Amino acid sequence: MSTAQHPLMPKATAVWLVDNTSLSFEQIAEFCGMHMLEVKGIADGDVAAGIRGKNPVTAGELTREEISKAETNPEYRLKVATSKVKIPEIKQKKRPRYTPVSRRQDRPNAVLWLLRNHSELKDSQIMRLVGTTKPTIQQIRDRSHWNSANLVPQDPVTLGLCSQVDLDAEVAKGASRVAKERMALGLPPVEADETLLPASETTSYHPGGMPEERTREEAAPTAENVFGAAPPANQSGDDEADSEAEEAARVFAKLQGLSSQGGDKKASADAENADEADDAESR
């Protein structure tokens, strides 16, 4: 749906048309993209009192024939004249990504994560993703950053500094660039698992469920996995008999140790009593 074109200075053009033509308020309002009551206010002097009128004919926005045709037919609608000179579109320079004040302290952690996990990214790509500067990236890489001792690598997606789609796109660009460079040098290509999976694979639908879900269902805990398989009946009886015999031998050995300790104590007490009796007789 194409939008209607209007003059460059609609209010000044409306002032000129009200003063110099016999067009209706509705025609002027539709041509200038204004409300009819606003055009009526211009005619009454209540609106645009200090605005100087702009001639749309000299500006190349309207022709005399178009004005005459509209003056004779109140139902006719004015059309902006097409310019014979093509003005190129002005390309706006991309500004750096805006980062909220509350999340700017997390940018060094995100830069450290990108440097460790995606060495194929250029500094310019990291700057676009995180919204940082090149000196900061260099300081974090050289560990000369003022807070390098406290930096912890964190995923910029989880921090909210960029989206997963933007990160995947930059990683894909970096991977293709590295692949071309390695191919030019005659080196083997980089392994596919060294980069992130694209968003098309991570968000795609699997009819049998996600691979992780299927693996989790297959590895569901069972009684055998937790407690182990039950031994055969004969083997369990033999094990119980062996354990009872070992327990009885252990108790018997403990009793023997206690009885031997009691005999030793009694012998030492008799020896002490004999020594005391000898001392008494000698006195």
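As shown above, the structure is provided for reference.
Everything quoted here is computed from the prediction, not taken from an experiment.

### Quick look at the overall build of the protein
Looking only at helices and strands, the protein features 13 helices and zero strands. Listing the helices and strands of the protein from first to last along the sequence gives α-α-α-α-α-α-α-α-α-α-α-α-α. The burial tally for the protein puts 23% of its 283 residues in the buried class. Here the analysis covers contacts within the protein between residues at least 6 apart in sequence; of these, 61% occur between residues at least 24 apart. For the protein, the accessible area works out to roughly 21200 Å², and carbon and sulfur atoms hold 53% of it.

### Considerations on unusual backbone geometry
At A48, a residue that is not glycine, the phi angle is positive and equals roughly 55°. Tracing the chain through its elements places A48 in the loop between helix 3 (36-44) and helix 4 (64-72). When its relative accessible area of 19% is taken as the criterion, A48 is described as buried. Its identity is not glycine, yet R143 carries a phi of approximately 60°, on the positive side. Tracing the chain through its elements places R143 in the loop between helix 7 (134-142) and helix 8 (156-159).

### Section: the packing of helix 6 (residues 123-130) against helix 7
For the pair helix 6 and helix 7, the least separation of the axes is 10 Å and the interaxial angle reads 110°. Taken as axis vectors, helix 6 and helix 7 run roughly perpendicular relative to one another. In this structure, helix 6 uses D123, I126 and M127 to contact helix 7, whose residues at the interface are K134, I137 and R141. By residue class, the composition of the contact of helix 6 with helix 7 is three nonpolar, no polar and three charged.

### Some points on the nonpolar core
Core analysis: the largest hydrophobic core is formed by 19 residues, its most contacted members being L17, I28, C32 and I42. Every element with two or more residues in this core is listed here: helix 1 (10-20), helix 2 (25-32), helix 3 and helix 4. A per-element tally of this core places helix 1 first, with five residues. Setting aside chain neighbours within four positions, we find I42 in contact with K11, A14, V15, V18, M34, V47 and A48.

### With respect to the pattern of salt bridges
This model, assessed by the stated rule, comprises eight salt bridges. Taking the shortest distance from any N to any O, the salt bridge between E30 and R77 comes out at 2.6 Å. Here the residue E30 occupies a position in helix 2, and R77 occupies one in the loop between helix 4 and helix 5 (107-117), the gap between them amounting to 47 residues. Of the residues examined, E30 reaches a relative accessible area of 43% and is grouped as partly exposed. Looking at R77, the relative accessible area reads 23%, which means it is partly exposed. Among the salt bridges present, the one from K54 reaches E61, with a minimum N-O distance of 3.3 Å. The buried category is assigned to K54, whose relative accessible area is 16%.

### Description of a nonpolar patch on the surface
Together, V251, L255 and L258 line one region of the surface with nonpolar side chains, adding up to about 280 Å² of accessible area. You can call L258 exposed: its relative accessible area is 51%.

### A word on empty space enclosed by the protein
Over the atoms rolls a probe the size of a water molecule, and its path tells where empty space is left. For the structure on display, the rule yields one cavity of 30 Å³ or more. In this model, the largest cavity occupies a volume close to 30 Å³. Lining the largest cavity are L112, I140, R143, S148 and L151. Its residues placed into classes, the lining of the largest cavity shows three nonpolar, one polar and one charged.

### Some words on the environment of A49
Along the polypeptide, A49 turns up in the loop between helix 3 and helix 4. Taking C-alpha positions, A49 is 9.2 Å from V15, a pair spaced 34 residues apart along the chain.

### A look at the packing of helix 1 against helix 3
Orientation of helix 1 relative to helix 3, taken along the N-to-C sense of each, is 60°, at an axis distance of 10 Å. Regarding the angle of helix 1 to helix 3, the classification is oblique. Between helix 1 and helix 3 lies a crossing of right-handed hand. Here K11, A14, V15 and V18 of helix 1 lie close against helix 3, whose contacting residues are E38, V39, I42 and A43. Its residues assigned to classes, the contact of helix 1 with helix 3 comprises six nonpolar, no polar and two charged.

Definitions and limits used
Chains are numbered independently. Their residues run from 1 in the order of the written sequence. In keeping with the model being predicted, local features are shown solely for residues with a pLDDT of at least 70 and side-chain atom pairs are shown and tallied solely at 80 or more, while totals for entire chains, interfaces and linings include all residues. For side-chain calculations, the full set of non-hydrogen atoms in the structure is used, while hydrogens and water are omitted. Comment: elements are numbered from the N terminus, with helices defined as DSSP H or I runs of at least four residues and strands as E runs of at least two. Burial classes follow relative accessibility: with a 1.4 Å probe on protein chains only, a residue under 20% of its type's maximum area counts as buried, one over 50% as exposed, and anything between as partly exposed. Any pair of residues with heavy atoms lying within 4.5 Å of one another is described as a contacting pair. For the accessible areas, the method is Shrake-Rupley and the probe is 1.4 Å, while residue cover comes only from the protein chains on display. Axis angles are defined between N-to-C directions and span 0 to 180 degrees, where every axis is a line fitted to C-alpha atoms and, for a helix, only to the segment in contact. By definition in this entry, angles of less than 35 degrees are roughly parallel, angles greater than 145 are roughly antiparallel, angles of 65 to 115 are roughly perpendicular, and the rest are oblique. Note on residue categories: nonpolar means Ala, Val, Leu, Ile, Met, Phe, Trp, Tyr, Cys or Pro, charged means Asp, Glu, Lys or Arg, and polar means any other residue, Gly included. We define a nonpolar core as any set of buried Ala, Val, Leu, Ile, Met, Phe, Trp, Tyr and Cys residues linked to one another through side-chain atoms lying within 4.5 Å. Put simply, a salt bridge is a Lys or Arg side-chain nitrogen that is within 4 Å of an Asp or Glu carboxyl oxygen. Only residues whose relative accessible area exceeds 30% and that take part in no salt bridge are eligible for patches, with like-charged residues grouped when within 9 Å of each other and nonpolar side chains (Val, Leu, Ile, Met, Phe, Trp, Tyr) grouped when within 5 Å. Here a cavity denotes a set of grid points, spaced 1 Å apart and computed over the protein atoms alone, in which a 1.4 Å probe fits but from which it cannot get out, and a pocket denotes an open set meeting protein on both sides within 12 Å along at least five of seven lines; residues with an atom within 4 Å of a point are reported as lining. Grid points are joined across faces, edges and corners, and a volume is the space filled by probe spheres set on the points. Working rule for handedness: look at the near helix, and if it is turned counterclockwise from the far one by less than a right angle, call the crossing left-handed; if clockwise, right-handed.

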